[in-house]
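Topology and contacts: notes
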Amino acid sequence: MTERSLILVKPDGYRRGLTGEVLRRIEAKGYTLAALAVTTPTREQLAAHYAEHEGKPFYEPLVEFMSSGPVTAVVIEGEECIKGFRSLAGATDPTAAAPGSIRGDLGRDWGEAVQQNVVHGSDSPESAAREIGIWFPGLSS
Ligand code: DAT
Ligand code: MG
């Protein structure tokens, strides 16, 4: 089924100049770009985006890190792209992420209480619809 997913190239990816590499992998996989924006997230946006993690020990450092600089928000489109991008991204912990995946190949830091793992990708159709509404109000999911 053709679907849409919300991707973020996180501040570490932006700072390290990896935005193009992430977009290259998305397009090489056959997904298309439906929307793209470079923006420095507000705490309000991040509170909505990461609502499921509120109260967890890594939540505050995560919001701090995510608001530390520009991210590239992207809506991708393609056959089963929600699951497909999660597979391209690899495991949450860059050390555990398989070689060949974005986090396995490019992910770097696990430490200082926050994990810098280059990308975010929606984990379900419900999350994708919700997250697309946060980053691209007005765009249909
Ligand atoms: P994912 O980004 O793979 O969907 P998640 O939704 O569980 O992972 O967590 C969101 C982000 O929070 C994740 O990309 C990095 C950070 N994070 C998750 N678990 C963590 C942990 N145990 N320690 C530090 N940061 C963590
Ligand atoms: Mg998640």
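Rules used in this analysis
- Residues numbered from 1 in each chain as written.
- Chains lettered and ligands numbered in written order.
- Predicted model: local features only at pLDDT ≥ 70, side-chain atom pairs only at ≥ 80, totals over all residues.
- UniProt positions renumbered as here; feature names shortened; annotations may be inferred.
- Near = placed C-beta within 6 Å.
- Nonpolar A, V, L, I, M, F, W, Y, C, P; charged D, E, K, R; others polar.
- Buried ≥ 20, exposed ≤ 12 C-beta atoms within 10 Å, placed from the backbone.
- Helix = DSSP H or I, 4+ residues; strand = E, 2+ residues; numbered from the N terminus.
- Pairing = 2+ DSSP bridges.
- pLDDT = per-residue confidence, 0-100.

As annotated in an unreviewed UniProt entry, the chain is Nucleoside diphosphate kinase from Marihabitans asiaticum. Annotation of the chain in UniProt includes, under Subcellular location (unreviewed entry), the sentence "Cytoplasm". Of the chain, the UniProt comment under Function (unreviewed entry) reads exactly: "Major role in the synthesis of nucleoside triphosphates other than ATP. The ATP gamma phosphate is transferred to the NDP beta phosphate via a ping-pong mechanism, using a phosphorylated active-site intermediate."

Further remarks concern the site of ligand 1. Contacts to ligand 1 come from nine residues, most closely from Phe-58, Leu-62, Thr-92, Gln-115 and Asn-117. Its residues assigned to classes, the shell around ligand 1 shows three nonpolar, five polar and one charged.

Here we take up the pairing of strand β1 (residues 2-9). Among the eight residues of β1, six are classified as buried, and the element is accordingly described as predominantly covered. Across eight bridges, the pairing between β1 and strand β3 (residues 71-79) is antiparallel. Each residue of the ladder has a partner; that of Leu-8, found in β3, is Ala-73. Of the strand pairs in this sheet, β1 and strand β6 (residues 119-121) are connected by three bridges, and their pairing is antiparallel.

Scored by pLDDT, the chain comes out at a mean of 94, with 94% of its residues at no less than 70. Both scores are available for the predicted complex, with the pTM at 0.96 and the ipTM at 0.98.

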